[in-house]
Every structure is written in structure tokens, then in C-alpha cells.
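Observations on chain architecture
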Amino acid sequence: GAGVSQTPSNKVTEKGKYVELRCDPISGHTALYWYRQSLGQGPEFLIYFQGTGAADDSGLPNDRFFAVRPEGSVSTLKIQRTERGDSAVYLCASSLMAGSSPLHFGNGTRLTVT
Amino acid sequence: AQKVTQAQTEISVVEKEDVTLDCVYETRDTTYYLFWYKQPPSGELVFLIRRNSFDEQNEISGRYSWNFQKSTSSFNFTITASQVVDSAVYFCALTQGGSEKLVFGKGTKLTVNP
């Protein structure tokens, strides 16, 4: 597609369940980013990939959060034992390469943990 | 630590008015980048501008202009002759040189009324 695609657009899950959020970046973009946006707040950095490797995962809040990008394209953000505090919009962005802007953001996945 | 402050939570104007969105930043780095993003109701963050810390020239792009003042650590954004389509949440963001981690402010919600 032309832009960053995120699926699902909405996800409702019960506390304690496992969820996976998918991001399909713009074709040819080597850098991929995950951010989390809570209501009324700006996005918060989670993790960034350059190619297949996580170049900076310092924003992941704890070890329940994990992300992969095995082939350097699609990325999956995985959250184990979800908590109500994990409810937020999870945004993915990509750029041609790290250090180049702009970041192109997807529409996000709205995660609700009940 | 890096921090971005957008003191204006919400602004409401009437179409054709000029409006300035304030952004104040904190960083100890001498090399950094400042950004503005627009988030319309659809949710997708749209890149507007990037400015590096060594370039204090003001920039104009159509109805948009940006005023970067290192002396006051501010990077303000002005929309001239506002239009209803400008209604959105606007985020100011900062990243240090060599880092891909964007630090966002909390955003300013702009409503332009016809």
C-alpha cells in the first residue's frame, strides 16, 4: 500500500490475555518505529528497528512488551499478560532510513484492555 | 533529560484569524532536532517540519510559519488566515542528534470555527 498499515485498527482484550499488533511499513523503508499514545497525551517512544534488529528498545515499559521484525519489513508488537494500563493507541511509523525524516505514521491500533 | 512543553491545551479561533502555537523545549545537547506534527481527527500523525539546532532561520511554507529562538528555547508555529481544515491536534517534538527517539509534547488542540 501507499502508507503505513496497522492491523487491527481496534482490539479489545481481557486483562491477562496476550495480544499482537501488526505494522506493515512503506515499501523500501528500512527504519520502523513503535510509539504509544494515551488519551490526551503525546506519543511515547517504545522501540525502533533499523532493518531486522532493534536499535533502541529503551522505551519498552517492561518485559511484557516485545517487538520483532524478522525480515526487515513487517513488525509485530507483542504484549503478554495485558493490564488495563496498557490501553492506548499504538502507533507505528517508518522512514526511508534512520536519520532521515519525515517519519510516516500509520493510523494506529486502539487497544482496550477490559 | 529532554522535555517539550506545549502550554496551550486547547485553542479556539474563528476562520481567517491568525493563530500561534507555542512550544518550549529543554535539552542539554548542543545538537538536536525540533519537529511539528499535525494529528487530524483521523488519527494519523502528519509531519510538518524539521529544524536542526544550528539553523535558526525562520521558515515559511504557505500559510504556515515557524519561529525558532534558541535564546528562549522556543519553536513556535503560526498559522496565518486559519481555515476549518486546520482543526487538529498539533504536536511539537524533539530528538537529540544521533538518536531516533522523538520526545513529544502533550499537544495543542486547535479548533477553527467557520
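These remarks concern the structure in this document. (Residues numbered from 1 in each chain as written. Chains lettered and ligands numbered in written order. Predicted model: local features only at pLDDT ≥ 70, side-chain atom pairs only at ≥ 80, totals over all residues. Heavy atoms only, no water.)

**Points about the state of the cysteines**
Two cysteines whose sulfur atoms are joined by a covalent bond form what is called a disulfide. One pass over the structure, following the stated rule, counts two disulfides over all chains. Here C23 of chain A engages in a disulfide with C92 of chain A; their sulfurs sit 1.9 Å apart. For the disulfide bridge between C23 of chain A and C92 of chain A, the dihedral angle about the S-S bond is near -70°, and by the sign convention the bridge is left-handed. Note that C23 of chain A is positioned in strand β3 (residues 19-24) and C92 of chain A in strand β9 (residues 88-95), a separation of 69 residues in sequence. Residue class for C23 of chain A comes out buried when judged on its relative accessible area of 0%. Here C23 of chain B engages in a disulfide with C92 of chain B; their sulfurs sit 2.0 Å apart. (Disulfide = S-S within 2.5 Å. Helix = DSSP H or I, 4+ residues; strand = E, 2+ residues; numbered from the N terminus. Buried < 20%, exposed > 50% of the residue type's maximum accessible area, 1.4 Å probe, protein only.)

**A closer look at the environment of K17 of chain A**
The topology assignment puts K17 of chain A in the loop between β2 (10-13) and β3. Considering only alpha carbons, one finds K17 of chain A and Q41 of chain A, 24 residues apart in sequence, at a separation of 25 Å.

**So, the environment of S87 of chain B**
Residue and element names in this part refer to chain B. Among the secondary structure elements, S87 is positioned in the loop between β9 (74-79) and β10 (88-96). Residues S87 and N113, 26 residues apart in the sequence, show an inter-C-alpha distance of 8.5 Å. Apart from residues no more than four positions distant in its own chain, S87 is found in contact with P41, L110, T111 and V112. A polar atom in the side chain of S87 sits 2.9 Å from the backbone oxygen of V84. Of note is the side chain of S87, whose polar atom sits 2.9 Å from the backbone nitrogen of V112. (Contact = heavy atoms within 4.5 Å. Polar contact = N/O pair within 3.5 Å; in protein donor to acceptor, adjacent residues only side chain to side chain.)

**So, the side chain of R64 of chain A**
Residues and elements named next belong to chain A. You can see R64 is positioned in the loop between β6 (53-56) and β7 (65-68). Exposure remark for R64: the relative accessible area of 6% places this residue in the buried category. In this structure the side chain of R64 is engaged in a polar contact, spanning 3.2 Å, whose partner is the backbone oxygen of R81. Engagement of the side chain of R64 in a polar contact is seen with the side chain of D86, the distance being 2.8 Å. In this view, R64 contacts K78, I79, Q80, R81, T82, E83 and D86; residues no more than four positions away in its chain are not counted.

Note that all results are geometric; they support no functional claim without further evidence.
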